[in-house]
Amino acid sequence: MSRLVLLALTMLALAGCGVLRGIETAGTEPWVKPDAPRPASDLESLLLYFQHIKGLPGAELGKEHDNAPQAYAKARSEINRVRLAMVLSQPNTPFNDGPRALELLEPSAKNQRAPLHGLAFLLSAYILEQKRLDGNVQDLQSKLDALKSLERSLSERDQGSARKR
């Protein structure tokens, strides 16, 4: 009888730890507003996360850049991999790393049966489009610089010929 009571108390204690752990981790996602309902899926949670990081000021985004790799190192789950890729894909940040983000997304984007396939595919397309646009900006800047140089040389030539007259 005492073994049965001991077993029951042990199970009750373990169940209590599970309840406490659930309470402890509830609300650890800062991207979910306190009064909003909890995300129903990993996909919904990641969409809220993307919206959250897009609005973060530089210092807080830097902290998130530190947190995402740590979460991925602790648990190499698909959600943590996509989360890290989202952080690395933020444009105009010192830690923007499109190639690394694409590398992280590749397993989910290529596997149509992956739970986050659609999001990974969309995010990969977003990163590739950013890369293409950045290339266009660099080309346009080069052309603008060449035009400025040409304008300067023409201006200098006109000033030199005006002095000789």
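Everything quoted here is computed from the prediction, not taken from an experiment.

### Observations concerning the nonpolar core
Part 1 of the reasoning: One finds Tyr49, Ile53, Val82, Met86, Leu105 and Leu123 to be the most contacted residues of the largest nonpolar core, which totals 25 residues.
Part 2 of the reasoning: Elements represented by at least two residues in this core include exactly helix H2 (42-54), helix H3 (58-74), helix H4 (78-88), helix H5 (98-110) and helix H6 (117-164).
Part 3 of the reasoning: It is H4 that provides the largest number of residues to this core, a total of six residues.
Part 4 of the reasoning: With near-sequence residues (within four places) excluded, leucine 123 lies in contact with Phe50, Val82, Ala85, Met86, Ser89 and Leu105.

### A short note on unusual backbone geometry
Part 1 of the reasoning: Although it is not a glycine, asparagine 92 sits at a positive phi angle of roughly 55°.
Part 2 of the reasoning: Asparagine 92 gets classed as exposed once you look at its relative accessible area, which sits at 82%.

### Focus on the pattern of salt bridges
Part 1 of the reasoning: By the definition in use, this model includes four salt bridges.
Part 2 of the reasoning: As a salt-bridge pair, arginine 83 and glutamate 64 come within 2.7 Å of each other at their nearest N and O atoms. Here arginine 83 is found in helix H4, whereas its partner glutamate 64 is found in helix H3, with 19 residues between them in sequence.
Part 3 of the reasoning: Classification of arginine 83 as buried rests on a relative accessible area of 14%.
Part 4 of the reasoning: Residue glutamate 64 is classed as buried on the basis of its relative accessible area of 6%.
Part 5 of the reasoning: The partner of glutamate 103 in a salt bridge is arginine 100, and the shortest N-O contact between them spans 3.1 Å. Remark: arginine 100 and glutamate 103 occur in helix H5; sequence separation between them is three residues, near one turn of the helix.
Part 6 of the reasoning: With a relative accessible area of 30%, arginine 100 lands in the partly exposed category.

Rules of the game
Residues numbered from 1 in each chain as written. Predicted model: local features only at pLDDT ≥ 70, side-chain atom pairs only at ≥ 80, totals over all residues. Heavy atoms only, no water. Core = buried A, V, L, I, M, F, W, Y, C linked by side-chain atoms within 4.5 Å. Buried < 20%, exposed > 50% of the residue type's maximum accessible area, 1.4 Å probe, protein only. Helix = DSSP H or I, 4+ residues; strand = E, 2+ residues; numbered from the N terminus. Contact = heavy atoms within 4.5 Å. Salt bridge = Lys/Arg side-chain N within 4 Å of Asp/Glu carboxyl O.

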